[in-house]
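# Structural features, examined
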Amino acid sequence: MARRNWIPPSVDVSVPNIARIYDYLLGGAHNFAVDRELATQVERVRPDSRSVVRVSRSFLARCVRFMVGQGIRQFLDIGSGIPTVANVHEVAQDAAPECRVLYVDKDPIAVAHSELMLANNDRARIVHADMHDPDSILDHPQTRALLDFDRPIGLLVLLMLHWQPDESEPWKAMARYREALAPGSYLAITHVSADNQDLTLTEVTDLIKASRSADQLTERSYEQVLDFFGDFELVEPGLVGCPAWRPTGPGDMSDAPEANTLIYGGVARKHDVSRPSSDQ
Ligand SMILES: C[S@@+](CC[C@H](N)C(=O)[O-])C[C@H]1O[C@@H](n2cnc3c(N)ncnc32)[C@H](O)[C@@H]1O
């Protein structure tokens, strides 16, 4: 097969990849046969897969609008993915044109396409980096040029942390990001739930394991996902099945009941001043 000209040379098109599978399930065109094959196997086990990605994408738009409503004008989106419809900068700049957005992804295709999409937008950029290297993201010249860490930032870590195994210590990296944010900042997380799930989730995990994908799924419990927020304060309604987070209409929910509980979603705020310790 002739390689299409949008495929960076470092990409192995014979190995399935999570960014491209997600793109496929959202109806995008930046995916290969090997991605579609694994996605089709997953859909056989979980026919609600497209619904799951749709409702979590809809959470993304709601939480960005919420943050803009709270006065946030700059966003850091880690694990931003291949651009699709209603990307963070589009939602944010539609609500407040002055919003600035720094995207981060480790996937070269996601980065190449984001660069193309953002070529004419001087308030949005992408950095090619791994979330496990916070300094390379926080100190990157693009980041420093676009974001002011003395002012509140909306940090988005959506459908990304469940691709980080416990051994990679994702909590450690998240603590570093939380620490770097100014008081009044917000953190939004979506994450596959390990609670009350039936056997289909194990089957999906096994399918991904059997593929040669570099990314493996680690579903986590409510408490484990909560830990990613540290001492930030969850806004109402807390950490919930993401369609139940401030829905604006029936389109934010899925007709498949399991799709409404598979992904935890929550938004939390960094408190304004250091809290006195309890013995003071
Ligand atoms: C399922 S997509 C989510 C896209 C978007 N955040 C959303 O919610 O619609 C997950 C993205 O996280 C990226 N990713 C996974 N592990 C990462 C890591 N360690 N560092 C940076 N990006 C990562 C993948 O390349 C992929 O593009």
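Note: the structure precedes this text.
Residues numbered from 1 in each chain as written. Predicted model: local features only at pLDDT ≥ 70, side-chain atom pairs only at ≥ 80, totals over all residues.

### A short note on the site of the ligand
For the record, the criterion: What makes a residue near a molecule or strand is its C-beta atom, placed from the backbone, lying within 6 Å of it. Numbered from the N terminus, helices here are DSSP runs of H or I no shorter than four residues, and strands are runs of E no shorter than two. Put simply, Ala, Val, Leu, Ile, Met, Phe, Trp, Tyr, Cys and Pro go in the nonpolar bin, Asp, Glu, Lys and Arg in the charged bin, and everything else, Gly too, in the polar bin.
Taken together, 23 residues surround the ligand, and among them Ala-19, Gly-79, Gly-81, Asp-107 and Leu-158 come closest. Breaking the shell around the ligand down by element, the ones donating at least two residues are α1 (18-25), α3 (49-69) and β2 (100-105). Within the shell around the ligand, the residues separate by chemical class into 11 nonpolar, 6 polar and 6 charged.

### Topic: α1
Because the α-helix completes a turn every 3.6 residues, residues three or four places apart line up on one side. For clarity, the cut-off: With C-beta atoms placed from the backbone, a residue is buried if 20 or more other C-beta atoms are within 10 Å of its own, exposed if 12 or fewer are, and partly exposed between those counts.
Counting buried residues along α1, 8 of its 8 residues qualify, which places the element largely inside the surrounding structure. Along α1, the residues that are buried comprise Ile-18, Ala-19, Arg-20, Ile-21, Tyr-22, Asp-23, Tyr-24 and Leu-25. Within two residues after α1, Gly-27 carries a phi angle of roughly 90°, on the positive side.

### A few points about helix α4 (residues 88-95)
As a reminder, the rule being used: Here the arc refers to the directions that run from the helix axis out to each C-beta atom. We call two residues in contact when the distance between their C-beta atoms, placed using the backbone, is within 7 Å.
For α4, the complete set of buried residues consists of Val-88, His-89, Val-91 and Ala-92. The buried residues of α4 all sit within an arc of 165° when viewed along its axis, so they share a single face. On the buried face of α4, the contacting elements are α3, β1 (74-78), β2, β3 (124-128) and β4 (154-158).

### Quick look at the environment of Cys-242
Along the polypeptide, Cys-242 turns up in the loop between β7 (240-241) and β8 (263-269). Separated by 205 residues in sequence, Cys-242 and Glu-37 place their C-alpha atoms 27 Å apart.

### With respect to unusual backbone geometry
Of the consecutive residues Glu-236 and Pro-237, the connecting peptide bond is found in the cis state with omega at 5°. Along the chain, Pro-237 falls in the loop between β6 (233-234) and β7. The phi dihedral of Ala-86 falls on the positive side, at around 50°, and the residue is not glycine. Within the secondary structure, Ala-86 is located in the loop between β1 and α4. On the basis of neighbour counts, which here come to 12 C-beta atoms within 10 Å, the residue Ala-86 falls in the exposed class. Of note in this structure, Glu-169 is not a glycine but carries a positive phi near 55°. As for its placement among the helices and strands, Glu-169 is situated in the loop between β4 and α8 (170-180). For Glu-169, a count of 12 C-beta atoms within 10 Å corresponds to the exposed category.

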